[in-house]
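# Descriptive analysis of the structure
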Amino acid sequence: MARETTYLELSEDDGGAHKFYEVVVSDTDVTITYGRIGAAGTAKTSSYPTADKARAAAKKKIDEKLRKGYAPAVRGARQARPITRRPVTSGRSTARQAPVLWRFASGAAAFGIFVDKQRAWVGNQRGDVYTVTHEGAVTGHFKLPEGVKCIVADDFWIYAGCDDGRVYDLSGKAPYAAYEISPDVDIYWLDIHDGMLGVSDAGGRVTAIDHEDEFQWKHDTDGRAGWMVRCDGEAVYHGHTKGVARYRDLDGRLVWHTPVEGNVLFGWQEHDAVYAGTARDKVYRLAKEDGRVESVYQCDDAVFSCAAAPDGRYVFAGDNHSSVYCFDRGGKRLWKLATGCGSAFSMQYIDDRLYLVTTDGSLACMDVSEDAIRAAERGTVPQARDVKIEAGLAAVRPATTLETAGPGDRGVVVECYQDGPRLRVRVVDEGYDSGWNLQFPKGIREAGARYLVEEVRPSGRGGFYRAYGEIKRLR
């Protein structure tokens, strides 16, 4: 039987899309395969009563994609997104063991961590994201297509930035792709504030993308390896091999640039300061206002990660020899202890506990209260509990199709509409400003379709809404 194959690609210079769509008609069957360029993709086959109806259905799908900007292409001509794995040499600490309460082996080296009052999130280089309670019980498992670079929070929303160039919203029952980053960007780190996404990359560039996944601005720098990017309501802070800089978030204007000693390997921020950990064994505290160096925290080896207690009361650092340090605000070293589970790629402090994700894939919860640290310095630590995954915990994968809303389902009605070359989404229920766009996953948008969203919340910045929770399609 004759086979008719149509292969299309969409790869935008600045908009971020880098995906393919293939339609194969074989007699009465239509097979559609789609995904990121360079990947195998997801395939779905539908059968029709006649060959003519199969060809008509295929043509309708192809025409829809052409209207969205896809174009005929040759498979393999474009390459997959470049991915840089962080080079790691992790040694064993000679310090006394830290008071680790529990640890969870995620299965692969982990960069991504976020901790709030309810749980800790860990994301590893296999694409696994787990949620773990503060007491050490695994409560959820998301399976993303590629390795996780980082996990960040933006008000109620939790996002995971991945090696496939997508930033996934993990706030609902299933992940949705909220942003897609340009294929020429070899992502090192991401941060989000009020819908504005900052991206740092291998070439030392920093890029800003708005809530509608649209390119805002980009800066080339004299540096390389931009491991640090942090965003607040006014600026994007970027660190690389030549130092740290502040850019205005709305237009990208450079406000200040401060050189530091050594390549910047990690960044953290508090209300009035940013912290930069460097390969020359130091953490720098820089004033957000003007970039002046307020304190320097001296470690014994290259700093992989850092964090601070609120207002910088304590400053923590993790080096490449599996040690963790604590300093006071002014730079005095208070203690140094061993993790016992690898070097900390990322860390976060909350309520007298320091949470680490490490080179051996562990999420570790360390008691850093004064009593626990004094006991550890004397050689007395608790027996760390190894956290296990409960049998039957299912891995939830990103949603590419939607359930249909039932008669008893409640939520907010939104609709997808064509705005020039772009598909946008707006709220149509009463009580909402229909002139505001809704941040909504691109992968499930279809012109003219209506959806039921569990909850819609206005952004703090104003001018757009954000979808929260489960999304279903209306008939």
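Above: the structure in question.
Before going into details, it helps to say that this report is about the structure given with it. Not measured: the values here are computed from a predicted model.

## Describing the layout of surface pockets
The method is simple in principle: a probe with the dimensions of a water molecule rolls over the atoms, and the space it marks as empty is what remains. Quantified by volume, the second largest pocket comes out at close to 740 Å³. Every residue lining the second largest pocket is counted, 37 residues in all, and those nearest its centre are Phe114, Arg230, Trp268, Gln269 and Gln348. For the lining of the second largest pocket, the secondary structure elements donating two or more residues are β7 (110–115), β11 (148–154), β15 (187–193), β19 (228–231), β23 (264–269) and β31 (344–350).

## Notes on the pattern of salt bridges
In this structure the tally under the stated criterion is 34 salt bridges. Put simply, arginine 246 and glutamate 234 hold a salt bridge, and the shortest N to O gap is 3.5 Å. Here the residue arginine 246 occupies a position in strand β21 (residues 243–248), and glutamate 234 occupies one in the loop between β19 and β20 (235–240), the gap between them amounting to twelve residues. Judged by its relative accessible area of 12%, arginine 246 falls in the buried class. With a closest N to O distance of 3.5 Å, glutamate 261 and lysine 282 form a salt bridge. Separated by 21 residues along the polypeptide, glutamate 261 in the loop between β22 (254–258) and β23 and lysine 282 in strand β25 (residues 282–287) bring together distant segments of the chain. Given the relative accessible area of 34%, glutamate 261 is considered partly exposed. Because the salt bridges share partners, they merge into one network encompassing Asp272, Arg285, Asp290, Arg292 and Glu294.

## Section: the sheet that holds β19
Strands in a sheet are paired, the pairing made by backbone hydrogen bonds, and the direction either parallel or antiparallel. The strand order β19-β20-β21-β22 describes an open sheet built from four strands, whose pairing is antiparallel. Single-partner strands in this sheet number two, and they are β19 and β22. Adjacent strand axes in the sheet meet at a mean angle of 15 degrees, parallel and antiparallel pairs treated alike. Both β21 and β22 contribute to a ladder of four bridges, which runs antiparallel. Opposite alanine 245, over in β22, you have histidine 257 as the bridge partner.

## Describing the pairing of β7
On a regular strand, each side chain points to the face opposite its neighbour's, so the side chains alternate between the two faces of the sheet. Of all six residues in β7, six are buried, a share of seventy percent or more. The sheet contact formed by β7 and strand β8 (residues 119–124) spans five bridges and is antiparallel. The partner of isoleucine 113 across the bridge, within β8, is valine 122. In sequence, β7 turns back onto β8 through a hairpin of three residues.

## Description of the packing of aromatic side chains
Applying the stated criterion to the full structure yields 24 aromatic pairs. Within the aromatic cluster, the residues linked to one another by ring pairs are Tyr275, Tyr297, Tyr325 and Phe327. It is arginine 426 that lies over the ring of tyrosine 417; its NZ or CZ is 3.9 Å from the centre. We note arginine 457 situated over the ring of phenylalanine 156; from NZ or CZ to the ring centre the distance is 3.7 Å.

## Comments concerning the pairing of strand β26 (residues 293–298)
Pairing analysis gives five bridges linking β25 to β26, with the strands arranged antiparallel. Bridging from a neighbouring strand, valine 283 pairs with tyrosine 297 of β26. The loop that links β25 with its antiparallel partner β26 comprises five residues; one of these, glycine 291, has a positive phi angle of about 80 degrees.

## Here's the deal with empty space enclosed by the protein
As enumerated under the stated definition, the model contains two cavities of 30 Å³ or more in all. In this model, the largest cavity occupies a volume close to 120 Å³. In this structure, the largest cavity is lined by 15 residues; those nearest its centre are Asp169, Tyr176, Gln439, Pro441 and Ala467. Mapped by element, the contributors of at least two residues to the lining of the largest cavity are β12 (157–162), β14 (176–180) and β39 (464–473). By residue number, the principal contributor to the lining of the largest cavity is β39, which donates five residues. Taken together, the residues of the lining of the largest cavity sort by class into nine nonpolar, four polar and two charged.

## Regarding the sheet that holds β25
With respect to topology, four strands assemble into an open sheet ordered β23-β24-β25-β26, the strand pairing being antiparallel. Only two strands of the sheet have a single neighbouring strand rather than two, namely β23 and β26. Recorded for the sheet is a direction-independent mean angle of 20 degrees between the axes of neighbouring strands. Bridging between β23 and strand β24 (residues 273–278) involves five bridges; their strand directions are antiparallel. In the strand pairing of β24, glutamine 269 is matched with valine 274.

## Observations regarding helix α2 (residues 370–377)
Listed as buried for α2 are Ala372, Ile373, Ala375 and Ala376. For α2, the angular spread of the buried residues around the axis is 160 degrees, confining them to a single face. Residues of α2 that are exposed and point more than 90 degrees away from the buried face comprise Glu370 and Asp371. Count one or two residues on from α2 and you reach glycine 379, which has phi positive near 100 degrees.

## Things to note about helix α1 (residues 51–67)
Its 17 residues give α1 an end-to-end C-alpha distance of 24 Å, which sits within 8% of 24 Å, the value for a rise of 1.5 Å per residue. Where α1 is concerned, the buried positions are Ala54, Ala57, Ala58, Ile62, Glu64 and Lys65. For α1, the angular spread of buried residues about the axis comes to 155 degrees, placing them on one side. In this structure, α1 carries Asp52, Lys59, Lys60 and Arg67 as exposed residues pointing more than 90 degrees from its buried face. Positive backbone phi, approximately 105 degrees, marks glycine 69, located one or two places after α1.

Conventions and cut-offs
- Residues numbered from 1 in each chain as written.
- Predicted model: local features only at pLDDT ≥ 70, side-chain atom pairs only at ≥ 80, totals over all residues.
- Heavy atoms only, no water.
- 1 Å grid on protein atoms, 1.4 Å probe; cavity = no way out; pocket = protein on both sides within 12 Å on 5 of 7 lines; lining within 4 Å.
- Points joined across faces, edges and corners; volume = space filled by probe spheres on them.
- Helix = DSSP H or I, 4+ residues; strand = E, 2+ residues; numbered from the N terminus.
- Salt bridge = Lys/Arg side-chain N within 4 Å of Asp/Glu carboxyl O.
- Buried < 20%, exposed > 50% of the residue type's maximum accessible area, 1.4 Å probe, protein only.
- Pairing = 2+ DSSP bridges.
- Axes fitted to C-alpha atoms, helices over the stretch in contact; angles between N-to-C directions.
- Phe/Tyr/Trp six-rings, centres within 6.5 Å; stacked < 30°, edge-to-face > 60°.
- Lys NZ or Arg CZ within 6 Å of the ring centre and 35° of its normal.
- Nonpolar A, V, L, I, M, F, W, Y, C, P; charged D, E, K, R; others polar.
- Arc of directions from axis to C-beta.
- Expected span 1.5 Å × (residues − 1).

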